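# Analysis of the macromolecular model
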Amino acid sequence: RKGNVSSVKIASLSPVEAFLCGALAKAVATLVTYPLQLAQVLLRLQSSNANKNQHESLNKDATIASCYKGTLDCLYQQFSHGGITALFRGMNAKLLQTVMTAAFTFLTYEQTLVQVARVYETLSSTS
């Protein structure tokens, strides 16, 4: 309906605010999930090493003992041997990479919303 189009007002963040919000959100998410990601990597390494060792010792009757029995056991052993810092070993590089990616992604998203809202407002005011 012509003349019945209401103006759309979108509360937007400044570019700096958007960047910081994206960075903070991803930093918190990474801190919370990193121990599980570490356990996943360690379990995969254990599995690939076990498969490699099995193929190398096909003619031998050697059995390969697993170091970790599962995710919780992996987390428990890491904590037991190195304390809380062992659960976050190697996180610096991951944190830098994921935080920067999320910050720029959120900044781009917010700025895109602002531009789309401006175009929509311009088009609706000319109709």
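Residues numbered from 1 in each chain as written. Predicted model: local features only at pLDDT ≥ 70, side-chain atom pairs only at ≥ 80, totals over all residues. Heavy atoms only, no water.

Another aspect to go through is the environment of Gln78. Mapped onto the elements of the fold, Gln78 is located in helix α2 (residues 71-82). For the pair Gln78 and Pro35, spaced 43 residues apart in the sequence, the C-alpha separation amounts to 9.4 Å. Residues within four places of Gln78 in sequence aside, it is in contact with Leu42, Tyr68, Gly83, Ala86, Leu87 and Arg89. In terms of polar contacts, Gln78 uses its side chain to reach the side chain of Tyr68, at 2.9 Å. (Helix = DSSP H or I, 4+ residues; strand = E, 2+ residues; numbered from the N terminus. Contact = heavy atoms within 4.5 Å. Polar contact = N/O pair within 3.5 Å; in protein donor to acceptor, adjacent residues only side chain to side chain.)

The next thing to look at is the side chain of Glu110. Looking at where Glu110 falls in the secondary structure, it is placed in helix α3 (residues 91-126). Comment: no salt bridge for buried Glu110; closest opposite-charge side chain is Arg118, at 11 Å. Filtering out sequence-adjacent residues up to four positions away, Glu110 remains in contact with Ser12, Leu13 and Ala18. (Buried < 20%, exposed > 50% of the residue type's maximum accessible area, 1.4 Å probe, protein only. Lys, Arg positive; Asp, Glu negative; His and termini not counted. Salt bridge = Lys/Arg side-chain N within 4 Å of Asp/Glu carboxyl O.)

Quick look at a nonpolar patch on the surface now. Residues Leu24, Val28 and Val32 make up a contiguous nonpolar surface patch of about 300 Å² in total accessible area. Looking at the element boundaries, Val32 is found in helix α1 (residues 15-56). (Patch = residues over 30% accessible without salt bridge, like charges linked within 9 Å, V, L, I, M, F, W, Y side chains within 5 Å. Areas by Shrake-Rupley, 256 points an atom, 1.4 Å probe, with all protein chains shown as cover.)

Along its 36 residues, α3 runs 52 Å from first to last C-alpha, staying within 8% of the 52 Å computed at 1.5 Å per residue. Every buried residue belonging to α3 is among Met91, Thr98, Val99, Ala103, Leu107, Glu110, Val114, Ala117 and Ser124, and all of these are buried. (Expected span 1.5 Å × (residues − 1).)

Further remarks concern the state of the cysteines. With the rule as written, the count across this model stands at zero disulfides. Just so you know, Cys67 is unpaired, no disulfide at all, and the nearest cysteine sulfur is the one on Cys74, 7.9 Å from it. Take Cys67: its relative accessible area is 47%, and that puts it in the partly exposed class. Judged by relative accessible area, which is 0%, Cys74 ranks as buried. (Disulfide = S-S within 2.5 Å.)

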